[in-house]
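# Structure assessment
If you want the building blocks of each chain, they are given just below.
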Amino acid sequence: MAHDFEGPMIRVVDLVTYYGERRILNRVNLDIQAGETMVILGGSGTGKSTLIRHIIRLELPTSGHIFIKTHDICHMPEERFDLLRHKIGMLFQSAALFNSMTIEENVSLPLCELTQLEDSTIRIMTRIKLDLVGLNGFENYMPAQLSGGMKKRAGLARALAMDPEILLFDEPSAGLDPVTAAGIDALILKLKRAFRMTIVVVTHEMASAFLIADRITVMDRGEVIAVGTPDEIKASTHPKVQQFLNRTPEEEAIDAQAYLRTLTQSGE
């Protein structure tokens, strides 16, 4: 899984996204280098999960560009992107396993759907990926029989099935206890050491971010407000970065007119 592409593996240029009248991403620009682990850090509603969904083209932006290597994925036919999609693995926040299929069937699904490999070869490759994430012996279990952390590991094994060049994680620690979440962090570090993949992790967990990242992107209200190494982010003087790092609450702005209207309406 070693990849020798030089230059940014992912380049985001002037990305803007609206959901109706609401602006979610505001002119986002970001370069993610080949072989690095980039953590996208920010609070809820900052646009970080929207950004990662754009990278895998689950959603298209209102305007702007995303280049994977030299390919502008926002402005190409779906069938052309399908050829690139095979090079991207993604672990969704919920693991997104099919409950009616065994763990082995879930993990082997991309190989069955997208390759012409023999069943025996697919089975060997599937077992290798399950062993890699620590699920050797769980091939015949159903998703309902696994813990939350084990489901995440199974989802990761499936994301690795096609030997991707790019691996995306959306909130990998969500819903997990601290010990299990630490196990997922250790697994990401293991993959980072073993394979020269480009890894992008969306999270709001600061301890995890500073442990696994080569560089960190901090987002706030749909904008990139800081990019740097963990030490550079810690030393940032940007007030919003410091607010996030120090867990300082937002001051609530009260709309006096709206408050008056609610009082008036409740008295009717």
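Residues numbered from 1 in each chain as written. Predicted model: local features only at pLDDT ≥ 70, side-chain atom pairs only at ≥ 80, totals over all residues. Heavy atoms only, no water.

Right, let's get into the side chain of E171. The residue E171 is located in the loop between β7 (166–170) and α6 (178–194) in this model. The class of E171 is buried, set by a relative accessible area of 7%. There is a polar contact of 3.2 Å between the side chain of E171 and the side chain of H204. Among residues more than four places away in sequence, those in contact with E171 are K48, Q93, K152, V202, T203 and H204. (Helix = DSSP H or I, 4+ residues; strand = E, 2+ residues; numbered from the N terminus. Buried < 20%, exposed > 50% of the residue type's maximum accessible area, 1.4 Å probe, protein only. Polar contact = N/O pair within 3.5 Å; in protein donor to acceptor, adjacent residues only side chain to side chain. Contact = heavy atoms within 4.5 Å.)

Glancing now at the pairing of strand β3 (residues 37–41). Extensive coverage of β3 is indicated by the burial of five of its five residues. Pairing between β3 and strand β8 (residues 198–203): five bridges, direction parallel. For I40, the partnering residue across the bridge sits in β8 and is V202. Note that β3 and strand β9 (residues 215–220) share four bridges and pair parallel. The residue bridging V39 from the neighbouring strand is I216, located in β9. (Pairing = 2+ DSSP bridges.)

For the pair helix α3 (residues 103–114) and helix α5 (residues 148–159), interaxial distance at closest approach is 7 Å and the crossing angle is 30°. Accordingly, the angle class assigned to the pair α3 and α5 is roughly parallel. Along this stretch, α3 crosses α5, giving a crossing that reads as right-handed. Between α3, through I103, N106, V107 and P110, and α5, the contact on the second element is made entirely by A154, A157 and R158. For the contact of α3 with α5, a count of residues per class yields five nonpolar, one polar and one charged. (Axes fitted to C-alpha atoms, helices over the stretch in contact; angles between N-to-C directions. Parallel < 35°, antiparallel > 145°, perpendicular 65-115°, else oblique. Left-handed = near helix turned anticlockwise from the far one by under 90°. Nonpolar A, V, L, I, M, F, W, Y, C, P; charged D, E, K, R; others polar.)

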